[in-house]
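Architecture and fold: a report
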Amino acid sequence: IPSFTATQHAATSALAQIAIQSQLSELVSDGYLPYESKTGVVTAASSTRTYGLATDFQTFEELFFEKQDSSGNVEGTRLLMYPGGESQLRKTFPKYREEVGTPIFWYPGSGTTKNVGFSPVPDTSSAGNLYRYYYEADVNVVVAGDTIPLVSTTEAEVFVRMAARN
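Here is a short report on the structure shown in this document. (Residues numbered from 1 in each chain as written. Predicted model: local features only at pLDDT ≥ 70, side-chain atom pairs only at ≥ 80, totals over all residues. Heavy atoms only, no water.)

**Points about the overall build of the protein**
- Across its full length, the protein holds three helices and 10 strands.
- Starting at the N terminus, the α and β elements of the protein follow one another as α-β-β-β-β-β-α-β-β-β-β-β-α.
- When the 166 residues of the protein are sorted by exposure, 31% land in the buried category.
- Across the protein, the fraction of contacts at a sequence separation of at least 24, relative to all contacts at a separation of at least 6, is 67%. (Helix = DSSP H or I, 4+ residues; strand = E, 2+ residues; numbered from the N terminus. Buried < 20%, exposed > 50% of the residue type's maximum accessible area, 1.4 Å probe, protein only. Contact = heavy atoms within 4.5 Å.)

If you want it as structure tokens, here you go:
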């Protein structure tokens, strides 16, 4: 083909992206390619119970949040996950949504958004506190600028051959 029209080029790019995503999904699900390790930060706000997580969040690597200073250094305080999550917290402390203070625990949020809740709900003295969390990030390629998570040139070449077969 001597040239691509805009439509042909878009279709070819879409097929290539689907092949790459398909192959990445297989490698991740088979355990050959791990999720990417990352950190995120939640900034506590007064009277705010729940906080969103990073958009590429898949799962937690560690089940704690670490308080850090403005320079990113860990201060030593950890928020541990409440045993049994929000359901158990609701049973143990019926007013957990209204109780304010310095957070001691976190729990996975419910619903379709990726979020966590802090208990007690941060008060004014806790506002602005930074809490770091460690997570596994999605390695799927969504846009052309996304990096394919391969370490070596050999891995990349093998991957391209595998994706070309799709």
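So much for the structure itself; the text now carries on.
**Things to note about the packing of aromatic side chains**
- Following the criterion strictly, the structure yields 15 aromatic pairs and no others.
- Taken together, a centroid distance of 5.0 Å and an interplanar angle of 90 degrees make the contact between Tyr82 and Phe105 edge-to-face. Linking Tyr82 in the loop between strand 5 (74-81) and helix 2 (85-92) with Phe105 in strand 7 (residues 105-108), this pair joins segments that are 23 residues apart in sequence.
- For Phe105, a relative accessible area of 27% puts it in the partly exposed group.
- Taken together through their ring pairs, the aromatic side chains of Tyr51, Phe57, Phe60, Phe65, Trp106, Phe118, Tyr131, Tyr133 and Tyr135 make up a single cluster.
- The ring of Phe64 has Arg78 lying over it, and the distance from NZ or CZ to the ring centre is 3.8 Å. (Phe/Tyr/Trp six-rings, centres within 6.5 Å; stacked < 30°, edge-to-face > 60°. Lys NZ or Arg CZ within 6 Å of the ring centre and 35° of its normal.)

**As for the environment of Phe64**
- Mapped onto the elements, Phe64 comes out in strand 4 (residues 64-68).
- On a C-alpha basis, the gap between Phe64 and Arg132 in space is 8.6 Å, while along the polypeptide they are 68 residues apart.

**Examining unusual backbone geometry**
- The linkage connecting Ser119 with the following residue, Pro120, adopts the cis geometry, with an omega of -10 degrees.
- With respect to the helices and strands, the residue Pro120 is situated in the loop between strand 8 (115-119) and strand 9 (121-122).
- The residue Ser47 is not glycine, and still its phi comes out positive at about 65 degrees.
- On the secondary structure map, Ser47 appears in the loop between strand 1 (36-43) and strand 2 (50-52).
- The class of Ser47 is exposed, set by a relative accessible area of 58%.

**Examining the pattern of salt bridges**
- Tallying each qualifying case throughout the model produces seven salt bridges.
- Two residues, Arg49 and Glu86, come together in a salt bridge whose shortest N-O distance is 3.4 Å. Of this pair, Arg49 sits in the loop between strand 1 and strand 2 while Glu86 sits in helix 2, and the two are 37 residues apart along the sequence. Each member of the pair Arg49 and Glu86 is classed as buried. (Salt bridge = Lys/Arg side-chain N within 4 Å of Asp/Glu carboxyl O.)

**Remarks on the side chain of Glu86**
- With a relative accessible area of 8%, Glu86 lands in the buried category.
- The contacts of Glu86, once residues within four sequence positions are left out, are Arg49, Tyr96, Arg97, Tyr107, Pro108 and Ser110.

**A closer look at the environment of Thr48**
- With respect to the helices and strands, Thr48 occurs in the loop between strand 1 and strand 2.
- For Thr48, a relative accessible area of 28% gives the class partly exposed.
- Remark: the alpha-carbon pair of Thr48 and Pro122, spanning 74 residues in sequence, is separated by 6.5 Å.
- Leaving out residues up to four positions away in the same chain, Thr48 has contacts with Val121 and Pro122.

**A look at the nonpolar core**
- Residues Leu53, Phe60, Phe65, Trp106, Val116, Phe118 and Tyr133 are the most contacted members of the largest nonpolar core, which totals 16 residues.
- Put simply, the parts of the chain that give this core at least two residues each are strand 3 (57-60), strand 8 and strand 10 (130-137).
- If one sorts the elements of this core by residue count, strand 10 sits on top with four residues.
- For Leu53, the residues in contact, after removing those within four places along its chain, are Phe60, Phe65, Lys114, Asn115, Val116 and Tyr133.
- Judged by nonpolar contacts, the second largest core, of six residues, contains Ile20, Leu27, Val28 and Val139. (Core = buried A, V, L, I, M, F, W, Y, C linked by side-chain atoms within 4.5 Å.)

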